[in-house]
Amino acid sequence: MAGVRVGIVGTGFGARVVAPTFTAAGLEVVDVVSPRDGAAVADLCRRDLDLVSVHSPPFLHATHVGWALDAGHAVLCDKPFGRSAAEAEGMVAAANDAGLVHLLNFEFRHEPARLRVKQLLDEGAIGTPEHLQWSAITSGSRVPLRRFGWLFEREPGGGWIGAWGSHAVDAVRWLLGEITAAGARCRVTIRERPDRAGIVRTCDAEDAFTAWMTVEGGATVGIDTTFAASVTLPTHVVICGSDGTIDVTNDRRIVVRGADGTKDEIELAARTGDPHAGALGAWAHAVAEAVAEGRQITPSFDDGLACARVLDALRAGWAGQAIG
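Residues numbered from 1 in each chain as written. Predicted model: local features only at pLDDT ≥ 70, side-chain atom pairs only at ≥ 80, totals over all residues. Heavy atoms only, no water.

Asker: Mind showing me how you'd approach the sheet that holds strand β2 (residues 28–33) here?
Answerer: The pairing of strands in a sheet comes from backbone hydrogen bonds and takes either a parallel or an antiparallel form. The parallel open sheet is built from five strands, whose spatial order is β2-β1-β3-β4-β5. The outermost strands of the open sheet, each flanked by one partner alone, are β2 and β5 (102–104). If you compare each strand with its neighbour and ignore which way they point, the axes differ by 20° on average. Along the sheet face, helix α7 (residues 277–293) touches β3 (51–54), β4 (74–77) and β5 and points at about 170° away from the line of β5. (Pairing = 2+ DSSP bridges. Helix = DSSP H or I, 4+ residues; strand = E, 2+ residues; numbered from the N terminus. Axes fitted to C-alpha atoms, helices over the stretch in contact; angles between N-to-C directions. Contact = heavy atoms within 4.5 Å.)

If you want it as structure tokens, here you go:
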């Protein structure tokens, strides 16, 4: 939307995907700054902006969100929304105290396949949802081998639970309802990686996990995922209901099977370019309208906090026990 001025913190995903997508959606991207340059971020927040879009690593979220709110700007923060629920709670409180629009970058709520699944569930196409099974096996960090960085360290908020699991948790909450209990078994497949200087570093953040959840109303969830496999396989989400199932492959092909033997197949257009860009484009339009009107929409910081509480339970799975 023309007239919405946005400053972007993030020279990786922020510069590569967010900036051009926001521009295409009609927002005015005033500047893109490095999250590692505190002075540049602070200066950005002092400029004439309507929105600060924070795409820094999780360990910098609380600082950058705080600066933006203190300057009186609406904020869009990327997931996983800090390193813990405690940090997320602080950001929610700050946004509420400031009385400003606050948004969480769960852009896949606007993925066409997921919107269609949401519609099917809301229409009762498979009756009462009883179980969701999600398999996501990818070689994304292994072939070719991704170099060491904060993503492979626990302390700064790295790990596959935050990077990918946050999107899965949000999808479960959005599709089925609030998550009431969760647990996981985390694992590290690639234990050493060279950094930018070629120095071999030890990885202590999970690159794979197997999780379980229960949802209000009684539905259960099972997730098995890695981004350190040797081969990438099709991603499958299966939702079992009292009257049928919904089977989704690669967010493109949806098969609805009824208990009475009926079968309906839906083929959606394949993604092109960055896998985030299509959904992010639709989300950008919603963000622009909300900021221009000063209207709070979802997903918000509240959704980020709800997700962070589940992520904390999943990360506790390093001990091997189920965490509820």
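Asker: Can you walk me through the packing of helix α6 (residues 160–176) against helix α8 (residues 301–315) in this structure?
Answerer: Closest axis-to-axis distance for the α6/α8 pair is 9 Å, and the angle between their directions is 120°. On the basis of their axis angle, the class for α6 and α8 is oblique. Helix-helix and strand crossings are classified by hand; for α6 and α8 the assignment is right-handed. Facing Ile161, Gly162, Gly165, Ser166, Val169 and Arg173 of α6, the residues of α8 in contact are Asp303, Ala306, Cys307, Val310, Leu311, Leu314 and Arg315. Partitioned by chemical class, the residues of the contact of α6 with α8 number seven nonpolar, three polar and three charged. (Parallel < 35°, antiparallel > 145°, perpendicular 65-115°, else oblique. Left-handed = near helix turned anticlockwise from the far one by under 90°. Nonpolar A, V, L, I, M, F, W, Y, C, P; charged D, E, K, R; others polar.)

Asker: Whenever I open this one, the environment of Met213 confuses me. Can you help?
Answerer: Structurally, Met213 is set in strand β10 (residues 208–215). Contact partners of Met213, with chain neighbours within four places excluded, come to Val169, Ile179, Ala181, Ala182, Ala219, Thr220, Val221, Ile223, Val310 and Leu314.

Asker: Help me understand the pairing of β4, please; the structure alone is not making it clear to me.
Answerer: In summary, the side chains of a regular strand alternate between the two faces of the sheet. Because side chains alternate across β4, one face comprises the buried residues Ala74 and Leu76, and the other comprises Val75 and Cys77, equally buried. Taken together, the four bridges between β3 and β4 define a ladder with parallel strand orientation. For Leu51, the partnering residue across the bridge sits in β4 and is Ala74. At this point the chain moves from β3, through helix α3 (residues 58–70), to the parallel β4, and the crossover so formed is right-handed. The pairing of β4 with β5 spans three bridges and is parallel. Across the sheet, residue Leu76 finds its bridge partner in β5, namely Leu103. (Buried < 20%, exposed > 50% of the residue type's maximum accessible area, 1.4 Å probe, protein only. Right-handed = clockwise from strand over helix to strand, strands pointing away.)

Asker: Any chance you could explain the nonpolar core here in plain terms?
Answerer: If you look at soluble globular proteins, the nonpolar side chains tend to sit buried side by side. Counting residues in hydrophobic clusters, the biggest one holds 72 residues, and the most contacted among them are Trp134, Met213, Ile223, Ile246, Ile254, Phe301 and Leu314. When residues of this core are assigned to their parent elements, the largest contribution, 10 residues, is made by α6. Ignoring sequence-local partners within four residues, the contact set of Ile246 consists of Val117, Leu120, Leu121, Ile126, Val237, Val238, Ile239, Ile254, Val255 and Val256. Formed by 24 residues, the second largest nonpolar core is a distinct cluster that contains Ala19, Ala25, Leu27 and Trp283. (Core = buried A, V, L, I, M, F, W, Y, C linked by side-chain atoms within 4.5 Å.)

Asker: Could you clarify how one ought to interpret the sheet that holds strand β6 (residues 129–137) in this entry?
Answerer: Within the open sheet, the eight strands sit side by side as β7-β10-β11-β6-β12-β13-β14-β15. Their pairing is mixed. Since the sheet does not close on itself, it has two edges, and those belong to β7 (179–187) and β15 (263–267), each with one partner. Pairwise comparison of adjacent strand axes, ignoring direction, gives a mean angle of 10° for this sheet. Bridge analysis of β10 against strand β11 (residues 220–226) gives seven bridges, and the strand direction is antiparallel. What sits directly across from Thr210, in β11, is Asp224. The strands that α6 touches are β6, β7, β10 and β11; relative to β10, the one it contacts most, it runs at about 20°.

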